[in-house]
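As a plain string of letters, each chain reads:
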Amino acid sequence: MIRKKVFHLAQLSAIGLTGYYIGQCNGKNTTQDCIEVDGKLLTSLPALPVFGTVSAAVPYTESGGSKDTTRVSQIMKYGFPGLDNIRSYDDYVLSYDRRTRVPHWVFEHLTKAHIAKNDQVDRSKCDFMPDESIHPFFRSLNSDYKGSGFDRGHMAAAGNHRLAQKHVEQTFYLTNMAPQVGEGFNRHAWNRLEKHVRKLTKLYDHVYCCTGPLYLPRKESDGKSYVRYQVIGANTVAVPTHFYKVVVGEAPDGTLDMEAYVMPNQKIPDETPVSSFMVPPETIERAAGLLFFDKIHRSKLSRINGKKV
DNA sequence: TTTGCTGT
């Protein structure tokens, strides 16, 4: 176990997470943050979960890739939007917000192969499941969503992870969910946006997709602005007011194009085109407190939202 | 098609 942790640390150092360590063993509330191995207390690292459900650095051997290239470093090639409570799964990476019980951001890397039809993969066999790597105080449960009227909406879409049954199953962790309006949003307008992102793999060899919630202020009748959002269930899971997607496509000739979208978490008329939700990426960064694709010099971007820059 | 829910 200890050797394995050292390996993980070495792997993650390569992608710029060294020095990210917050100890939690203080004799109080230590059930999930510390683990006893061979009579010694091991402190879990936020970026390096010791639980079997998550793996920080599994070498990606699917297509003969170098053993030095981890799937995590492929997915996160253009930078981490933030570093709060990182969890990495076999085919996506997220940052979890303990306060809202909803992720800050979820990162995916798509290619044609990842979304190709695969008869070996069956979504109907998947179950929504709580993520045991999150402390119980901050963990969302199926019971929180039940009867709430909201869908358990995937941030990393199940349809983006068809390479392996294990990959699609891991998108069903509740760490990857946020309460979404079902009719007219998750099952319709938002779904259309997800399909649009998948279609980008026809134009680009590599598509990098970052998805997450927003809690936007709104001016109320007293003329002042407030951030107001519903919470659901015993664990008070936050219902985001909006969701964003920031997407970068890498063309065969190496040019990079970016698209950024914000959609309100509400019923949206069916005829509304996806393009009408485009916004300047900077507005999402300011609202979310995150920096997207900060390893890409903006001068290397050919287009933003379809316009030359 | 893909996104999910509720009721049995």
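Thresholds, definitions, all that
Residues numbered from 1 in each chain as written. Chains lettered and ligands numbered in written order. Predicted model: local features only at pLDDT ≥ 70, side-chain atom pairs only at ≥ 80, totals over all residues. Heavy atoms only, no water. Salt bridge = Lys/Arg side-chain N within 4 Å of Asp/Glu carboxyl O. Helix = DSSP H or I, 4+ residues; strand = E, 2+ residues; numbered from the N terminus. UniProt positions renumbered as here; feature names shortened; annotations may be inferred. Polar contact = N/O pair within 3.5 Å; in protein donor to acceptor, adjacent residues only side chain to side chain. Phe/Tyr/Trp six-rings, centres within 6.5 Å; stacked < 30°, edge-to-face > 60°. Buried < 20%, exposed > 50% of the residue type's maximum accessible area, 1.4 Å probe, protein only. Lys NZ or Arg CZ within 6 Å of the ring centre and 35° of its normal. Pairing = 2+ DSSP bridges. Contact = heavy atoms within 4.5 Å. Axes fitted to C-alpha atoms, helices over the stretch in contact; angles between N-to-C directions. Near = heavy atom within 4 Å. Nonpolar A, V, L, I, M, F, W, Y, C, P; charged D, E, K, R; others polar.

Q: So what about the pattern of salt bridges? Which residues, and what values?
A: Applying the stated criterion across every chain, the model contains 7 salt bridges. Note that Asp90 is salt-bridged to Lys166, the shortest N-O span being 3.0 Å. Residue Asp90 is located in the loop between strand E3 (86-88) and strand E4 (92-97), and its partner Lys166 is located in helix H5 (residues 165-170); the two are separated by 76 residues in the primary sequence. The residue Arg187 makes a salt bridge to Asp151 at a minimum N-O spacing of 2.7 Å. With Arg187 in helix H6 (residues 182-199) and Asp151 in strand E6 (residues 150-154), this pair connects stretches of sequence that are 36 residues apart. Taken together, the salt bridges that share partners define one network made up of Asp151, Glu183 and Arg187.

Q: Lay out the UniProt feature "active site" (unreviewed entry) in chain A in plain terms, naming residues and giving numbers.
A: Following the UniProt record, one finds the feature "active site" (unreviewed entry) at His154. Inspection of the secondary structure puts His154 in strand E6. Side-chain polar atoms of His154 contact the backbone oxygen of Thr171, separated by 3.3 Å.

Q: Explain the packing of aromatic side chains residue by residue, including any values.
A: According to the stated counting rule, one finds 13 aromatic pairs in the structure shown. Judged by centre distance (4.6 Å) and plane angle (15°), the ring pair of Tyr89 and Tyr92 falls under stacked. Judged by centre distance (6.0 Å) and plane angle (85°), the ring pair of Phe137 and Phe138 falls under edge-to-face. Note on Phe137: relative accessible area 47%, which makes it partly exposed. Members of the aromatic cluster, joined through ring pairs, are Phe80, Trp105, Phe107 and Phe293. Arg152 extends its terminal NZ or CZ atom over the ring of Phe128, reaching a point 3.8 Å from the ring centre.

Q: Account for the sheet that holds strand E14 (residues 256-264), with residues named and values stated.
A: Where strands meet in a sheet, backbone hydrogen bonds hold them as pairs that are either parallel or antiparallel. Strand order in the open sheet formed by 8 strands is E3-E4-E5-E8-E13-E14-E15-E16, and the pairing between neighbours is mixed. Two strands close off the open sheet at either side, each with one partner strand: E3 and strand E16 (307-308). Bridge analysis of strand E13 (residues 242-250) against E14 gives 9 bridges, and the strand direction is antiparallel. Each bridged residue has a counterpart across the sheet, and for Val246 the counterpart in E14 is Ala260. Of the strands in this sheet, strand E8 (206-214), E13, E14 and strand E15 (301-304) touch helix H7 (residues 281-288), which is tilted by about 55° from E14.

Q: If you had to explain the protein's contact with DNA strand B to someone new, which residues and values would you point to?
A: Around DNA strand B lies a shell of 16 residues, among which Arg123, Arg152, His154, Arg162 and Asn191 are the nearest. Among all atoms of DNA strand B positioned within 4 Å of the protein, those belonging to sugar or phosphate total 84%. At a separation of 2.5 Å, a phosphate oxygen of DNA strand B approaches a polar side-chain atom of Arg152. Every element with two or more residues in the surface near DNA strand B is listed here: E6 and H6. Sort the elements by how many residues they give to the surface near DNA strand B and H6 lands first, with 6 residues. Broken down by class, the residue content of the surface near DNA strand B amounts to 2 nonpolar, 6 polar and 8 charged.

Q: Account for the UniProt feature "binding site: Mg(2+)" (unreviewed entry) in chain A, naming residues and giving values.
A: The UniProt record marks Asn186 with the feature "binding site: Mg(2+)" (unreviewed entry), using the residue numbering of this structure. As for its placement among the helices and strands, Asn186 is situated in helix H6. A residue is classified by how much of its surface remains accessible, and Asn186, at 16% relative accessible area, is buried. Apart from the residues lying within four places of it in its own chain, the contact partners of Asn186 are Asp151, Gly153, Gln180, Val181 and Asn191.

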